[in-house]
Amino acid sequence: MPPCLLSARPPFPFISCRVSTEAVRTPPPPSLPLNPPTTALPSLTCALQCPHFQSCSGCTHEFNLHRPPIVDEATDFFKSLGVSDFTFDSCRLYGWRCRAKLAVRGSSVSPLIGLYQEGTHNVVDIPDCKAHHPRINAAVELLRQGIKQLNVEPYDEDQGTGDLRYVQMAVTTHNTSIPASERYRNGKVQITLVWNSRNEKSPNSDKLDALAYFLWRNGGSRSNNHNIHSVWANFQTSTNNVIFGNRWRHLLGENDFWEHVGGIDISLAPSSFGQANTRAFDILLRKLQKYVPYGASVTDLYAGAGVIGISLAASRKCRSVRCIEINKESKLSFEKTVSRLPKSVDSSISWHNADTSIVGL
Ligand SMILES: C[S@@+](CC[C@H](N)C(=O)[O-])C[C@H]1O[C@@H](n2cnc3c(N)ncnc32)[C@H](O)[C@@H]1O
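Residues numbered from 1 in each chain as written. Predicted model: local features only at pLDDT ≥ 70, side-chain atom pairs only at ≥ 80, totals over all residues.

J.: Explain the overall build of the protein to me, please; I cannot follow it from the model alone.
T.: Secondary structure assignment for the protein yields eight helices and 14 strands. Looking at the protein as a whole, 36% of its 361 residues qualify as buried. Pairs at least 24 apart in sequence give 61% of the contacts found in the protein among residues at least 6 apart. (Helix = DSSP H or I, 4+ residues; strand = E, 2+ residues; numbered from the N terminus. Buried ≥ 20, exposed ≤ 12 C-beta atoms within 10 Å, placed from the backbone. Contact = placed C-beta atoms within 7 Å.)

Okay, structure coming up:
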């Protein structure tokens, strides 16, 4: 049984979170004596307790993370459509975010690495983010040291100057050389540095190389603190708000990034979309599989690298799976994922680069 499992009103089977049952039990009525030494404050039950909550736009709920109000709305919505077995798993309440895109602003002496303050373009530094996988916070701190030591200039949006615009951090928790129970906490971070230049031959590329080597020397496979899976560069000079440019370069570490969800190994290049909450995505895929009949023909719209469709092909022996996606960059990840499927999967699985909103399917 998970550390915290609350039974809720039927047909709402499970709400799970990572605090103990002791901490989430209903507080006694005021007339009964309280027992302060052993009873957690109910108001902090499943609370975020993040020092950045007031200034950072990343999280919208601070309390009752195990049961956000939208769950009740969703339950009612599905009930109104005759779906009575809608379930919700909160999964991890902290450290769940395995993918983050963070803006880099400020100065080389005092860099800010984080998200925008609500409604502004002011970046809030979030070194102690409670949603991030802890390895993301560790990699952010290493990056901060590198920026300071190597005098890397963060991007200045008003002037269009500076070197480092954004960083994407993606954690792989799939390392089959260690026991399954240790894999999540020992995740490794794929770092993409979004560099303010056209390509790797631009005048500031020496600094890009120096920063990549700094990260690898201090966090790569031969360091004492192996935290980094790989380092990539993306080149972007546009003045609009689009984070990534079209040019990607693998710089150091492993080229392929593998994760395991929905019963299959999946490959995700940094240029392809990946779900941020790896554990919740895995649970969702396993639930979804039960609703798809064996031998079905499936079209996966807005497919990204086709993870949903391919996991259905493998688990439900689909006759065919067609994945439709607008981002060409996702195709390679799709192909790598298909190449690792067991030989027993004999579905016809295809990926199509098309705009779902205009193509007649
Ligand atoms: C939220 S992601 C989901 C990807 C995938 N289903 C998954 O769960 O990993 C949405 C995807 O839709 C793609 N997309 C956005 N607009 C699209 C369109 N008009 N036609 C096809 N794909 C689109 C994006 O590039 C992105 O990969």
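Picking up where we left off.
J.: Just checking my understanding: could you explain the packing of helix H3 (residues 134–149) against helix H5 (residues 205–219) for this structure?
T.: In a packed pair of helices, the relevant descriptors are the angle between the two axes and the axis-to-axis distance. Their axes nearest at 10 Å, the elements H3 and H5 cross at an angle of 135 degrees. Comparing the axis directions of H3 and H5 gives the class oblique. Relative to H5, H3 is oriented so that their crossing is right-handed. Across from Ala 139, Leu 142, Leu 143, Gly 146 and Gln 149 in H3, the residues of H5 making contact are Leu 211, Phe 214, Leu 215, Asn 218 and Gly 219. (Axes fitted to C-alpha atoms, helices over the stretch in contact; angles between N-to-C directions. Parallel < 35°, antiparallel > 145°, perpendicular 65-115°, else oblique. Left-handed = near helix turned anticlockwise from the far one by under 90°.)

J.: How do you make sense of the sheet that holds strand E9 (residues 247–253) when you look at a structure like this?
T.: Adjacent strands of a sheet form backbone hydrogen bonds with each other and so pair up, either parallel or antiparallel. The mixed open sheet is built from seven strands, whose spatial order is E5-E4-E3-E6-E7-E8-E9. This sheet does not close on itself; its edge strands, each paired only once, are strand E5 (123–125) and E9. Put simply, the sheet's adjacent strands are angled 35 degrees from each other on average, direction ignored. Pairing of strand E3 (residues 99–106) with strand E4 (residues 111–116) involves four bridges; the strand directions are antiparallel. Its bridge partner being in E4, Ala 103 is matched across the sheet by Gly 114. Across the sheet, H5 lies against strand E7 (188–195), strand E8 (228–235) and E9, angled at about 170 degrees from E8, the strand it touches most. (Pairing = 2+ DSSP bridges.)

J.: I tried to follow the sheet that holds strand E12 (residues 297–301) on my own but got confused; where do I start?
T.: Strand order across the open sheet formed by three strands is E12-E13-E14, with parallel pairing between neighbours. Strands at the two margins of the open sheet, each flanked by one partner only, are E12 and strand E14 (348–353). In this sheet, neighbouring strand axes are inclined to one another by 15 degrees on average, regardless of whether the strands run parallel or antiparallel. Here E12 runs beside strand E13 (residues 320–325); their pairing, made up of five bridges, is parallel.

J.: Help me understand helix H7 (residues 307–316), please; the structure alone is not making it clear to me.
T.: Helical geometry note: an α-helix holds 3.6 residues per turn, so side chains three or four residues apart project in the same direction. Of all 10 residues that make up H7, nine are buried, and the element is covered over most of its length. Taken as a whole, H7 has its buried residues at Val 307, Ile 308, Gly 309, Ile 310, Ser 311, Leu 312, Ala 313, Ala 314 and Arg 316. Residue Lys 317 follows H7 closely and has a positive phi angle near 45 degrees.

J.: Hey, could you run me through the site of the ligand in this one?
T.: The ligand sits among 15 residues. The nearest are Phe 273, Tyr 302, Gly 304, Ile 326 and Thr 356. For the shell around the ligand, the secondary structure elements donating two or more residues are H7 and E13. Residue composition of the shell around the ligand, by class: seven nonpolar, six polar and two charged. (Near = placed C-beta within 6 Å. Nonpolar A, V, L, I, M, F, W, Y, C, P; charged D, E, K, R; others polar.)

J.: Teacher, can you tell me more about the nonpolar core here?
T.: With 65 residues, the main nonpolar core has Leu 102, Ala 139, Val 167, Ile 191 and Leu 193 as its most contacted residues. Structurally, this core is a two-domain feature, drawing no fewer than three residues from each of domain 2 (99–255) and domain 3 (273–353). If we ignore the near neighbours within four places in the chain, the residues touching Val 167 are Leu 102, Val 104, Ile 113, Leu 143, Ile 191, Thr 192, Leu 193 and Val 194. (Core = buried A, V, L, I, M, F, W, Y, C linked by C-beta atoms within 7 Å. Domains from an automatic or database assignment.)

J.: Before we go on, may I ask you to explain the confidence of the model for the protein in this structure?
T.: Low pLDDT means the predicted atomic positions in that stretch should not be read closely. Averaged over the protein, the pLDDT score is 88; the fraction of residues at 70 or greater is 87%. Taken together, the stretch residues 1–38 has pLDDT below 50 and engages in 48 contacts with residues farther than four places along the chain or on a different chain. Taken together, the chains of this predicted complex give a pTM of 0.87 and an interface ipTM of 0.99. (pLDDT = per-residue confidence, 0-100.)

J.: Sorry if this is basic, but what is going on with the environment of Gly 114 here?
T.: Note that Gly 114 resides in strand E4. The buried category is assigned to Gly 114, around which 25 C-beta atoms lie within 10 Å. With sequence-adjacent residues up to four places away left out, Gly 114 is seen in contact with Cys 56, Leu 102, Ala 103, Val 123, Val 124, Asp 125 and Ile 126.

J.: What is the right way to look at the environment of Ala 313 in this model?
T.: Here Ala 313 lies in helix H7. Residue classification places Ala 313 among the buried residues on the basis of 27 C-beta atoms within 10 Å. Through-space distance from the C-alpha of Ala 313 to that of Ile 349 is 7.6 Å; in sequence the pair is 36 residues apart. Sequence-distant contacts of Ala 313, defined by excluding residues within four places in its chain, comprise Cys 318, Val 321, Val 345, Ser 347 and Ile 349.

J.: Would you mind showing me how to read the pairing of E3 here?
T.: Taken across its eight residues, E3 has seven buried, putting it largely inside the fold. Sheet analysis places E3 next to strand E6 (residues 164–172), joined by five bridges and oriented antiparallel. Residue pairing across strands places Ala 100 opposite Met 169, the latter belonging to E6.

J.: Would you mind showing me how to read the domain arrangement of the protein here?
T.: Think of interface size as the accessible area that goes away when the parts come together; that is how it is often given. Here the domain parsing of the protein yields domain 1 (4–80), domain 2 (99–255) and domain 3 (273–353). Counted by class, the side of domain 1 that touches domain 2 contains five nonpolar, five polar and no charged residues.

J.: Would you explain unusual backbone geometry in this entry?
T.: Negative phi is the rule for most residues except glycine; trans is the rule for most peptide bonds. The phi dihedral of Asn 64 is positive, around 50 degrees, even though this residue is not glycine. Turning to its location among the elements, Asn 64 is positioned in the loop between helix H1 (21–24) and helix H2 (69–80). In this model, Asn 151 sits at a positive phi of 55 degrees, which is unusual for a non-glycine residue. You can see Asn 151 is positioned in the loop between H3 and E6. On the basis of neighbour count, Asn 151 is assigned to the exposed category, with 12 C-beta atoms found within 10 Å.

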